[in-house]
Every structure is written in C-alpha cells, then in structure tokens.
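If you want the building blocks of each chain, they are given just below.
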Amino acid sequence: MFSQTANGAKASAVLYSIVETAKANGLSPYNYITVLLEQFSHPEQDLERLLLWHVNLG
C-alpha cells in the first residue's frame, strides 16, 4: 500500500521487524540500528554478534 515496489515493501518489512523486535526486548530502536549500521561498515562481520542478546548499547 505504501511501497511502490515489491523490493521497497520487503525493505520496509525488514526495518519494521528490526524496530519492533528491539522495542519488544527493551532496547532503543535508534541505538540498536545505529550499532547495526556501524558494524555493517566493517568487512567480514560476524552476524551472530549483532543479535539483540549480544549487542551492548551501554
């Protein structure tokens, strides 16, 4: 409805999922996404370390 393409809808769904999962786990979505983006800029990132229960936002 709000996305112009299927890829746009998928990207929105991924982002909404990350935001809602962070909120459900008591994390600030902004801070969690900031950590994710910072870590994705590094080559060969271990994705397991980026799961909510492994990320230290403090």
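Residues numbered from 1 in each chain as written. Predicted model: local features only at pLDDT ≥ 70, side-chain atom pairs only at ≥ 80, totals over all residues. Heavy atoms only, no water.

## Observations regarding helix α2 (residues 29–40)
The periodicity of an α-helix, 3.6 residues per turn, causes residues three or four places apart in sequence to face the same way. With 12 residues, α2 should cover 16 Å at 1.5 Å per step; its first-to-last C-alpha distance of 16 Å lies within 8% of that length. Looking at α2, one finds that the buried residues are Tyr32, Val35, Leu36 and Gln39. Relative to the axis of α2, the buried residues are bounded by an arc of 100° and lie together on one face. Among the exposed residues of α2, those oriented more than 90 degrees off its buried face are Tyr30 and Leu37. (Helix = DSSP H or I, 4+ residues; strand = E, 2+ residues; numbered from the N terminus. Expected span 1.5 Å × (residues − 1). Buried < 20%, exposed > 50% of the residue type's maximum accessible area, 1.4 Å probe, protein only. Arc of directions from axis to C-beta.)

## Quick look at the nonpolar core
Among the nonpolar cores identified, the biggest contains seven residues, and these are Ala22, Tyr32, Val35, Leu36, Leu50, Leu52 and Val55. Here this core takes three residues from α2, the largest share from any one element. Those residues within four positions of Leu50 in sequence are excluded, and the remaining contacts are Tyr32, Leu36, Gln39, Phe40, Gln45 and Val55. (Core = buried A, V, L, I, M, F, W, Y, C linked by side-chain atoms within 4.5 Å. Contact = heavy atoms within 4.5 Å.)

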